[in-house]
Each structure stands twice: as structure tokens, then as C-alpha cells.
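Residue-level structural notes
Each chain is listed here by its residues.
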Amino acid sequence: MSAGQGGDREDGLFLEGDDSLEDDLWFLPGPDEEDDLPPGAPPLPRAPKTNLFDPAEWRQAQNSLSGDLARLTQIFGELDVRLRDAPKGVHLRLALREASDLSWWSGERLSLDRLSLWHVLRIGSTEDTEQGFARAGWVVRRLTGGASPAEGVAAFLDRPLEGAGEAEMGPDPGALSDLAGLMAGSTDLHPVTQGAMVFFAWRMLGASWSRDLEAATLAARHAAAMSRKPGQGALFLPLVLSGAHTFRGQGPADAKLRAWISGAERATLAALLHLETVSDWHHKAHDAVADLSGRTPKKLIEVFASHPLVSAPMAERETGASRAAVQRNLDRLTDRGLIREITGQGRFRVWCIA
């Protein structure tokens, strides 16, 4: 048998399958275990591998802003306590305001009245705005209930983390795994700091309207974990109720976190002021209808405390009363200065608290 047949040499130096030949190639460099380049890639200089978002940098920024962070935590605690005793539905009112302001920041510009009507009755949208309302509705649902991001970021974002094809996960199937890993590696950070870091990371992993809203909602819900009784009071940290100052931080982590804390503090104070206004109106309205018979007036007050804007069909649906009873009591509340009609038209009218 020749040397080229049968896989062995006549001198018996090696047999087929023997690894001794490869061991003798001492002059070739061995494989780099940390090298993730494909075989045959040119030996070009490469930048050192660093994490795009280093939790250590955000931890240092958090330490330098501990005083500002403590003040925000205290203000949020006041909001948390107020919402535990607030009338039913006030959580929805704040969530609708936050979602509307987020839509203006993201460029879709959905007014509070249109979003409120769409959320309750699914009316007021057009072909051009249907996707925007759907995204804003997702924000409202996430801000008013459901699992928190800490319980699973994939479930929170309604996206599969693994085991799905690229068509299901989108053009960047690895982005969600990167985000989950970032959150898992920064659990020692304050929820506000971690939320800010996740916000900038998720936006950088892909730019779109939905990604912007997801990042803000994710950060707002995650920051609420600083509540003394999570899930019983404030379900999210307000971020944009006084403008989009929270998102305007640029540069290193300390600059971003400083703007984030300052903007969130202003938004939380705006939420407290709004709750104060609604609470005063709620008590005043109940006193003003004490002489009226029936349950419809009091039910209407709860509806107005829960929704920024109320139409007659919405009031009929929420109270369970007849259209005639609802219209009659809407006129009574208007005459007593408790609510006001804002459209100025005879049909498709909408009311709000006065």
C-alpha cells in the first residue's frame, strides 16, 4: 500500500487520526480563547473590549449625587403615600398624563383628551394615528399594572428573550439579552440609577418611536421599586409631567444622572401638585352633591376623579346608568360649577373638572 493510501506511512511515524502531527507544529501560534474573530480574518489592530455601559461608572455617579438622589427618594415617598389613599382611578389619570407627555416627547403628539377617549372608548383615532395610540395604550397599561421589569424584562416588553427566530425578535435579536444581562449585573445600584442606565442603553441599542417609549416606561416602572411597599402606592416614577428635562443629559454618566434626577424630581412634584388639586376637587364635589338623591352623582364624581376628560358615552359606560340619567346629572354638576364642557358644541361634548 502506498503512503497516500490507507492513511499511514511506511516508516510508521504516524497513523490516520493521530494528533502527534499537529502537536509538532510548534512554530504556529495557538488559538486565542478570547478571540471571537472568524477564521481567516486579517490580523488588524483591534480596540480593547469594553462594556458600552459600565455599572461601575454609574455607581460612581450615584455616589457623587447621593444628596440629590435622597431628595428625590423622599419626594417619591410622599407621592407613594398619597396614592395609597387616593380615590380609585387616580393611578390611571397620572398614567394617561405621563403617556400623553411621552408621546409628545417621542414625536407622535397625542393630546391628553384624545388619548383619554381612545383608552376608554377606542374612538378618535385615524389611520395615521392608530399605531401611535396603540403604543401610548401600551405605556398606560404598563404604568398602571402588570409585572415589574425586575421580574422579567422580556415579559415586561412583550418580547421573547430566547428560543425565537429573528422574525419574532426583530432586527436585533441579541439586544434584549444584552439588556437583561445589564440589569442583572447592576442590581446593587439604586432603582433610579439603574433605571436611568437602562433607559440610555435600550435607546442606544435601537432607535425608534417604540424603543423610546419602551425605554422611558421601563425606567419609570423600575424606579418605583424604591417604594416602601411596592405595588401598593405609586407604580411608576413620573419623568415628563413637567417637560422632558429628565432625558436631556449628555456626556458621561454623572451628567446624565444629574439631569435625570433633576427632571424626575420636577415631574414628581408636578404629580403631587396635580393630586392635591384633584383631592381638593373630590372633597368639594362630594359636599356639593350631598343633597342630590341617587347614586349617579357620586359615581360621576369618581369617574371625573379618574379621567382627565369625560364624554357622555364614557360616563354611561363607567357608571352603568342610563343615558338620560347621566346627561341630567352632567348638567347638574355643570350648573354647580363642579365640571365644565370644553368643546363648545352641541354634539360629541366632553367635560373635565372645573
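Residues numbered from 1 in each chain as written. Predicted model: local features only at pLDDT ≥ 70, side-chain atom pairs only at ≥ 80, totals over all residues. Heavy atoms only, no water.

The name given to the chain in an unreviewed UniProt entry is Fic family protein, and the organism recorded there is Roseinatronobacter thiooxidans.

Turning our attention to the nonpolar core. Trp58, Val192, Leu237, Phe247 and Trp260 are the most contacted members of the largest nonpolar core, which totals 70 residues. Broken down by element, this core gets its largest block of residues, nine residues, from helix H12 (residues 253-288). Ignoring any residue separated from it by four or fewer positions in sequence, one finds Val192 in contact with Leu69, Leu72, Ala223, Met226, Leu237, Trp260 and Ile261. Formed by 29 residues, the second largest nonpolar core is a distinct cluster that contains Leu292, Leu300, Phe304 and Val310. (Core = buried A, V, L, I, M, F, W, Y, C linked by side-chain atoms within 4.5 Å. Buried < 20%, exposed > 50% of the residue type's maximum accessible area, 1.4 Å probe, protein only. Helix = DSSP H or I, 4+ residues; strand = E, 2+ residues; numbered from the N terminus. Contact = heavy atoms within 4.5 Å.)

Attention now goes to the sheet that holds strand E2 (residues 339-341). The three strands lie next to each other as E1-E3-E2, forming an open sheet whose pairing is antiparallel. Looking at strand neighbours, the two that pair on one side only are strand E1 (310-311) and E2, the edges of this open sheet. As paired strands, E2 and strand E3 (residues 350-353) are joined by three bridges and run antiparallel to one another. Bridging from a neighbouring strand, Arg340 pairs with Cys352 of E3. (Pairing = 2+ DSSP bridges.)

Taking 1.5 Å per residue, 14 residues should reach 20 Å; helix H10 (residues 191-204) reaches 20 Å between its end C-alpha atoms and fits that length. Among the 14 residues in H10, 12 count as buried, and that is most of the element. Those residues of H10 not exposed but buried are Pro191, Val192, Thr193, Gln194, Gly195, Ala196, Met197, Val198, Phe199, Phe200, Ala201 and Trp202. (Expected span 1.5 Å × (residues − 1).)

The final tally for this structure, using the stated rule, is 11 aromatic pairs. Geometrically, the ring pair formed by Phe199 and Phe200 is edge-to-face, given 5.1 Å between the ring centres and 80° between the ring planes. Relative to Phe304, the ring of Trp281 has its centre 6.5 Å away and its plane inclined at 55°; by these criteria the two rings are tilted. Taken together, the positions of Trp281 in helix H12 and Phe304 in helix H13 (residues 296-306) put the pair 23 residues apart, joining distant regions of the chain. Looking at Trp281, the relative accessible area reads 6%, which means it is buried. For Phe304, a relative accessible area of 0% corresponds to the buried category. Linked through ring pairs, Trp58, Trp105, Phe199, Phe200, Phe247 and Trp260 together constitute an aromatic cluster. In this structure, Arg211 is placed above the aromatic ring of Trp202, and the distance from its NZ or CZ to the ring centre is 3.8 Å. (Phe/Tyr/Trp six-rings, centres within 6.5 Å; stacked < 30°, edge-to-face > 60°. Lys NZ or Arg CZ within 6 Å of the ring centre and 35° of its normal.)

Once that is clear, we can look at the confidence of the model for the chain. Across the chain, pLDDT averages 83, with 80% of residues at or above 70. At the low end of the mean pLDDT range in the chain sits helix H8 (residues 166-169), at 40; at the high end sits helix H3 (residues 66-84), at 96. Across residues 1-10, confidence stays below pLDDT 50; counting only partners more than four residues off in sequence or on other chains, it has 12 contacts. A low-confidence stretch, residues 163-171 stays under pLDDT 50, and its non-local contacts, those more than four residues away or across chains, total six contacts. (pLDDT = per-residue confidence, 0-100.)

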